[in-house]
Amino acid sequence: MAVTDFPPAGPVATALADFDPAALAQLFAAWGYKPSHAARVLRAFYASGDRVTSTAPGLPRGLVERMRTGFVPSAATLAVRQIAADGTTKLLLRLGDGGTVESVLLPDFRTDRAAGCLSSQVGCALGCDFCATTKTGFKRNLTASEIVEQFLALRREAHAVGRKLQTIVFMGMGEPLLNLGPVLAAVRRLADNSLGALGWRQITVSTVGIVPGMDALTDTGLNIHLAVSLHAPDDATRARLLPMAKHFPIADILAAADRFQARRGRPVTIQYCLLAGVNDSPEHAHQLAGLLGPRRMHINLLHYNPTGLSLSGIVYQPSSDQTAGAFAAVLRAHRLVAHFRRARGPEIDAACGQLRRRTAAPS
Ligand code: SF4
C-alpha cells in the first residue's frame, strides 16, 4: 500500500497487516516519525499479533497513538472455533465488513508441527459441484492483510497447543489465482525473514487450473509449491465436477504445470478427490496414469468430506477404502508417486465452506 492510498478507499478499513516494511516506513515518514520504526513495529506485530505493537519497546508515544487511531484493531477476528478429536482446528474469522472466512490448523504426525490452510476469497464463484464454499456464492477477494491475519490466527492456535506452524497451503475458500495480487503480497510477507519467517518451500498455492494465473505465478519466479486440483482424468468428467473446466482443458492445465515445474525444478502436486462412482474407477486411474506417467508430478489422493446436496442436485460420497486402494495401486503400478491425504476432523465441519454455511447468516 502506498502512502497516497492511506486511508484506503473502499469498504475494508486499514490494518497494520496491510503494510510491508517499505510502505510502513513511508507512512511513518509522512507522519513525521523515523522510518526505521517500521521494521520494529512489524517485527513485533508478526511476533505477537498486537495491532499497535505495545510489545515494541521505545516507540514514541505519539506514534503509538497515531497507529491506535489510524488502524482498525485487526483485519479479521475470531468468530467461531471448532476443534476435532484429531486436533484439527477450524476457525471462522469475521472480517471488517462483516464477511466471514475459514482457516484450518492441521496437526502434523510430528507432535510439534502443524500445517495451516488459508482462504483467498470470501466465498467462491467457480461452482465446483462437490464444494460447500461455492453454495453461498462469491462476495469479494480478500486483502493481503486479511490473508496475513489468517496466518497469524493459525500460528497463535498452533502455539497454544505446543506446535509450530510449519507449512501453509492456499486451499481454503476461494481460488487464489483469481486473487493473485493480494495472495502474492501476503506470501511475500509470510516468507519475509523479519515477518512471517516461513521458507518459500513451506508455502503452497493450490488452483483448480486457472491457466493464465498459473503462468503468472510461474513468471513471478517465487520458489513456492504449486498444487493443481484435477479431480478427473478427462475433460468431460471434469466439466461435470468443475464448471470452469470448460474454459481450461486438462491438456492446457498440465502444460502450464509443466512450465511451472520446469522453471522451479520441483514436482507440481496433483490433487485428486476420490468420489464414489464418479471418478474412482480403474479406468479413471489408468487414464490419469496415462496423463501423468511422463511427468514427475506427485499425486495427492483426497478423502471427500460430504457436503450434502450439491448445486446440481447430487449427494457425493467418498470412495470406499477398497476402491481408493485399488485406484492408488493402478497409479503406483505405473511408477507414479501417489499418497493419500488423511481425512481430517470428520466430526466437525471439515469440508471447506461448511462451517461458514452452518453459521447463521454467513456473509
Ligand atoms: S473447490 Fe475451490 S475453486 Fe472450487 S468452488 Fe470450492 S473454493 Fe471454489
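Residues numbered from 1 in each chain as written. Predicted model: local features only at pLDDT ≥ 70, side-chain atom pairs only at ≥ 80, totals over all residues. Heavy atoms only, no water.

Moving on, we get to the environment of S119. Topologically, S119 is positioned in the loop between β4 (113–117) and β5 (121–123). Counting along the chain gives 16 residues from S119 to S103, while the straight-line C-alpha distance between them is 6.3 Å. Apart from residues no more than four positions distant in its own chain, S119 is found in contact with V101, E102, L142, I147, Q150, G172 and M173. A distance of 2.9 Å separates a polar atom in the side chain of S119 from the backbone nitrogen of M173. (Helix = DSSP H or I, 4+ residues; strand = E, 2+ residues; numbered from the N terminus. Contact = heavy atoms within 4.5 Å. Polar contact = N/O pair within 3.5 Å; in protein donor to acceptor, adjacent residues only side chain to side chain.)

This part covers the sheet that holds strand β10 (residues 269–274). The ten strands lie next to each other as β1-β2-β3-β4-β7-β8-β9-β10-β11-β12, forming an open sheet whose pairing is mixed. The sheet terminates laterally at β1 (76–83) and β12 (338–341), the two strands that pair on one side only. Taking the axes of each pair of neighbouring strands and ignoring which way they run, one obtains an average angle of 25° across the sheet. Sheet topology note: the strand β8 (residues 203–207)/strand β9 (residues 225–229) ladder contains four bridges and is parallel. Across the sheet, T207 pairs through a bridge with V228, a residue of β9. Helix-sheet contacts for helix α10 (residues 321–333) involve β10, β11 (298–303) and β12, and the interaxial angle to β12 is about 155°. (Pairing = 2+ DSSP bridges. Axes fitted to C-alpha atoms, helices over the stretch in contact; angles between N-to-C directions.)

Moving on: helix α2 (residues 37–48). Compared with the 16 Å implied by 1.5 Å per residue over twelve residues, the 16 Å span of α2 between its first and last C-alpha is a close match. When we look at burial in α2, the residues that qualify are H37, A38, V41, L42, A44, F45 and Y46. At its buried positions, α2 is contacted by α1 (21–31), α3 (61–70), α4 (144–160) and α5 (180–190). (Expected span 1.5 Å × (residues − 1). Buried < 20%, exposed > 50% of the residue type's maximum accessible area, 1.4 Å probe, protein only.)

Our next topic: the packing of aromatic side chains. Any two aromatic rings considered together are summarised by their centre-to-centre distance and by the angle between their planes. This structure, assessed with the given rule, holds seven aromatic pairs. Relative to Y316, the ring of Y304 has its centre 6.4 Å away and its plane inclined at 80°; by these criteria the two rings are edge-to-face. Here Y316 lies in the loop between β11 and α10 and Y304 lies in the loop between β11 and α10, a separation of twelve residues in the sequence. Here the two residues Y304 and Y316 agree in accessibility, since each one is buried. Ring pairs connect the aromatic residues F19, F28, W31 and F71, which therefore count as one cluster. One cation-aromatic arrangement involves R110 over F109; the distance from NZ or CZ to the ring centre is 5.6 Å. (Phe/Tyr/Trp six-rings, centres within 6.5 Å; stacked < 30°, edge-to-face > 60°. Lys NZ or Arg CZ within 6 Å of the ring centre and 35° of its normal.)

This part takes up the confidence of the model for the protein chain. Per-chain confidence: the protein chain averages 89 in pLDDT, with 89% of residues scoring 70 or above. Note on residues 1–12: pLDDT is under 50 here. Beyond four places in sequence and across chains, it has 22 contacts. (pLDDT = per-residue confidence, 0-100.)

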